Amino acid sequence: MWGCRGSLAAPGPETVRYGGNTSCLEVRPSDGRLIVIDAGTGARNLGIALGKNRPDRIDILLTHLHLDHIEGLGFFGPVWDEGCEVHIWGPPSPLRTLREDIAKYFSPPLFPVHLDDLPSHLVIHDVPGGEWEIGATKIRAQPVNHPGPTVGYRLQDGDNVLTYISDHEPALGVDLRSVTPDWVSGYALAYGADVLLHDSQYTEEEYPGRVGWGHSSIAHTVSFALITKVKRLVMFHHDPLHSDAQLEAMLVRAKELWGEEPDDIVLSYEGMEIEVS
Amino acid sequence: MQQQKSLVLILARDLADKLASAMFVVDADGTLVYFNEPAERILGRSFADVGPAAMQEWASAFGPLTVEGRPLTLDELPLTVALRERQPVHKQLAVTTPSGEVRQIAATAFPLFARTDEFEGAAAVFWELEG
């Protein structure tokens, strides 16, 4: 895990244990490929770590184009390497392709270099409606409840399933305890996953002042994980205002809500490694 | 993988649930997936009694009539027009409650397309006409 902060990078002494970089995940399936999920500021360090050992092809799955999920893209070393084939997958908008939307970021005055001038071999794909494969990994993207075109991802390698829904407000206008699961945003993506990385941005006290912002309270996150019967829950997309101590207090509350097997719920942190099995 | 309603249908149902106006939601096959309490008040039936239901089933359950009192065929209902033509449609018609009362209504039905133009179903907002 190269970044697990939400909304805005938040470096500083208050966030050293869990990290200040925004969303970026390195996934290593059984076939040895490299799949990157989201390209927040954490992507810069991933690019540095890959160095000259980078694979010839890298696939980047973007959940959406809010800046905290793409601002590391221009600083991800492999996009500057002409020998590298970088495939970017993400949701299109109703009127524009993903390429057109990414090109907005890669253009002055937001960024000094145009998308077409990046030296790597860049291939940009609108996410398909159904399942597709990257090597041995079966991938499915589905729209989830968050402002703007936003998807979550379900990655399956053999029998092992990782679900990533970084920005998600499944409880918007809904009591998760009273609706049937098939009426819950993200349900199909997360059901039965070995590991679910899920938005857990707010405390229960904060959420009422942030309804409709596209994120979950701890109580919503735990309810969603219980409804979808995931095996392990990783709290993700930490609020930039939350210190390490506040995150740890949120984990205590999440464990209370989770009930049995409290060790199955953890906080994400930079440098974290998870074996999905 | 488990089945799940599309996000557009989930949000349409959430919207209907919060509205004071009567609203009816069907999926792309025409299956009734939800109507709200204001709709129950006009139709005289609860969603729990009627739905989920296939199009033929729900269409006949409400005894739809033209404003002149002629039975409306399935093809003439605003929602089925919106589903078939994939365009908004507005119509005045009448429905028959279980007690046999005929209520005049106006309905606006519209297709539901997801962001990338996937057709997900249709919704109708309707209200009872005075007199």
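Residues numbered from 1 in each chain as written. Chains lettered and ligands numbered in written order. Predicted model: local features only at pLDDT ≥ 70, side-chain atom pairs only at ≥ 80, totals over all residues. Heavy atoms only, no water.

Some thoughts on the interface of chain A and chain B
Listed by partner, the interface residues are 24 residues for chain A and 15 residues for chain B. Between chain A and chain B, a total of about 1700 Å² is buried, with carbon and sulfur atoms accounting for 62% of that surface. When residues of chain A are sorted by the area they lose upon contact with chain B, A:Asp182, A:Trp183 and A:Ala188 head the list and together hold 38% of the total. For the pair chain A and chain B, the interface holds 1 salt bridge. Here chain A and chain B share 6 residue pairs in polar contact (both at pLDDT 80 or more) between them. (Contact = heavy atoms within 4.5 Å. Buried area = accessible area lost by both parts, 1.4 Å probe. Salt bridge = Lys/Arg side-chain N within 4 Å of Asp/Glu carboxyl O. Polar contact = N/O pair within 3.5 Å; in protein donor to acceptor, adjacent residues only side chain to side chain.)

Details of the pairing of strand β4 (residues 102-113) of chain B
Residue and element names in this part refer to chain B. Sheet topology note: the strand β3 (residues 89-96)/β4 ladder contains 8 bridges and is antiparallel. Its bridge partner lying in β4, Val95 is registered against Arg103. A loop of 5 residues connects β3 with β4, the two strands running antiparallel in sequence, and Gly100 in this loop sits at a positive phi of about 95 degrees. Of the pairings in the sheet, the one linking β4 to strand β5 (residues 119-128) comprises 9 bridges and is antiparallel in character. When the bridges of β5 are listed, Ala109 appears paired with Ala124. Count of turn residues in the β4/β5 antiparallel hairpin: 5 residues, of which Asp117 carries a positive phi of about 75 degrees. (Pairing = 2+ DSSP bridges. Helix = DSSP H or I, 4+ residues; strand = E, 2+ residues; numbered from the N terminus.)

Some remarks on helix α1 (residues 7-18) of chain B
Its 12 residues give α1(B) an end-to-end C-alpha distance of 17 Å, which sits within 8% of 16 Å, the value for a rise of 1.5 Å per residue. Check the buried side of α1(B) and you find it contacts β7 (137-143) of chain A together with β1 (22-27), β2 (32-35), β4 and β5 of chain B. (Expected span 1.5 Å × (residues − 1).)

Some points on the side chain of A:Ser185
Inspection of the secondary structure puts A:Ser185 in the loop between β9 (160-165) and α4 (187-190). A polar side-chain atom of A:Ser185 sits 3.1 Å from the main-chain amide nitrogen of A:Asn145. For A:Ser185, the residues in contact, after removing those within four places along its chain, are A:Val144, A:Asn145, A:His168, A:Pro170, A:Phe224, B:Gln4, B:Leu7 and B:Ile10.

Observations concerning the sheet that holds β2(B)
By definition, the strands of a sheet pair up through backbone hydrogen bonds, in either a parallel or an antiparallel sense. All names here are of chain B. Pairing is antiparallel in the open sheet, where 5 strands are placed in the order β2-β1-β5-β4-β3. Either end of the sheet is taken by a strand with one partner, and the two such strands are β2 and β3. Going from strand to strand, the sheet's axes swing by 25 degrees on average, the running direction of each strand aside. Strands in contact with α1 are β1, β2, β4 and β5; relative to β1, the strand with the most contacts, it is inclined by about 165 degrees. (Axes fitted to C-alpha atoms, helices over the stretch in contact; angles between N-to-C directions.)

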